[in-house]
Amino acid sequence: GPASRPEDWRLAFVDVETTGLVPGWHEMIDIGLVLTDLDGAPIESVFVRIQPEHPERLSEGARQVNAFSAERWRALGALTPAQAVDSLVRFRNRAAAGKSVLMVAYNSPFDTAFLDHLFRGTGRSWHELFHYFVLDLPSMAWGVGLRELTIHELSAVLAIPEETLTPEDHTGLTGATFNVSAYRALRERGMKSPRARR
C-alpha cells in the first residue's frame, strides 16, 4: 500500500459541478482532476465538460454557482456522458502509468455519488479511475483539530486563496486546484502538530 510503497501511488484531487444536489436526478456537468504524488506535487490535470441528458432539472442554486445552460455547454464543446467517461479513463490510464490512484475530494460522498451515477449510466464503474478508498479534505482538517467545514471558512484558517466565486469561472478544475492547496496546507499543519504538543 501507500505506506510501504508510496512511489507506486498517486492522488487524484477531484471536484465536480452538477445541475443540483441530488445524485441520480441531477447530473454531473463537469469534472476537474489534478493528479499529484503523495505530497500533493501536481503532475498533470484534466478538465471535462459534460452535456447532461436532463438540463431541465437544473436547480437555481446550481446555476448561480456554475452558470450552466445547455446552450452555453454546447458552445463550449461539452461531451456526452459516454464520451466523458472514455476521456477520463484514458487520461487516468495514461497519466497514472500503472500506479494506483486514490481520489481526494472536498466532501467526497457528494463527488463519488455523482461519479457513480455518471459511470453506471454508461454501464461502467468509477473504480476504473480510482481505488476503493477515498480521502476527504474536511475529515483531514477535523483530524488536525480544525472544526471549519466550508471551503470559505477553511481557506481563511489555512491562509490559502479561496476558489473563485465568479460563476462563469467556477469549474471542477478550479475546485480540484483549490483541493490540492488545502491538502498541502493541512499536510504541513499535520506534520507540525505532534512536535508542537511535546
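Caption draft 1: Representation of the overall build of the protein chain in the model. Helix and strand content of the protein chain: seven helices and five strands. Put simply, the protein chain runs from its N terminus to its C terminus through helices and strands in the order β-β-β-α-α-α-β-α-β-α-α-α. Relative to the compact-globule value of 16 Å for 198 residues, the protein chain shows a C-alpha radius of gyration of 17 Å, a close match. Along the longest, intermediate and shortest principal axes, the C-alpha atoms of the protein chain span 55 × 35 × 25 Å. For the protein chain, the proportion of its 198 residues judged to be buried stands at 43%. Put simply, the protein chain shows about 9900 Å² of open surface, and 55% of that area lies on carbon and sulfur atoms. Here the protein chain carries 21 positive and 25 negative side-chain charges, and the mean point of each set is 8 Å from the other.

Caption draft 2: Seen up close, the pairing of strand β3 (residues 42–49). Bridge count between strand β2 (residues 28–36) and β3: seven bridges; the pairing is antiparallel. Looking at β3, one finds that Gly32 is bridged to Phe47. Hairpin remark: β2 followed by β3, antiparallel, with five residues in the connecting loop; positive phi at Gly40, about 90°.

Caption draft 3: Structural view of the sheet that holds strand β1 (residues 9–18). Spatially, β3-β2-β1-β4-β5 is the arrangement adopted by the five strands of the open sheet, whose pairing is mixed. At either margin of the open sheet sits one strand with a lone partner, and together these are β3 and β5 (134–136). Shown here is a sheet whose adjacent strand axes are inclined to one another by a mean of 25°, direction ignored. Where β1 and β2 come together, eight bridges link them in antiparallel fashion. Bridge assignment links Leu11 to a residue of β2, and that residue is Thr36. Each of β2, β3 and β4 (100–105) touches helix α3 (residues 81–96); the most contacted strand, β3, lies at about 175° to it. Its contacts with the sheet place helix α4 (residues 108–120) against β1, β2, β4 and β5, and it is angled at close to 80° to β1.

Caption draft 4: Molecular detail of the side chain of Thr171. Locating Thr171 in the fold gives a position in the loop between α6 (151–158) and α7 (172–197). Residue classification places Thr171 among the buried positions, given a relative accessible area of 10%. Only 3.1 Å separates the side chain of Thr171 from the backbone nitrogen of Leu173, close enough to count as a polar contact.

Rules and cut-offs
- Residues numbered from 1 in each chain as written.
- Predicted model: local features only at pLDDT ≥ 70, side-chain atom pairs only at ≥ 80, totals over all residues.
- Heavy atoms only, no water.
- Helix = DSSP H or I, 4+ residues; strand = E, 2+ residues; numbered from the N terminus.
- Rg over C-alpha atoms; globule rule 2.2 N^0.38 Å.
- Buried < 20%, exposed > 50% of the residue type's maximum accessible area, 1.4 Å probe, protein only.
- Areas by Shrake-Rupley, 256 points an atom, 1.4 Å probe, with all protein chains shown as cover.
- Lys, Arg positive; Asp, Glu negative; His and termini not counted.
- Charge placed at Lys NZ, Arg CZ, Asp CG, Glu CD.
- Pairing = 2+ DSSP bridges.
- Axes fitted to C-alpha atoms, helices over the stretch in contact; angles between N-to-C directions.
- Contact = heavy atoms within 4.5 Å.
- Polar contact = N/O pair within 3.5 Å; in protein donor to acceptor, adjacent residues only side chain to side chain.

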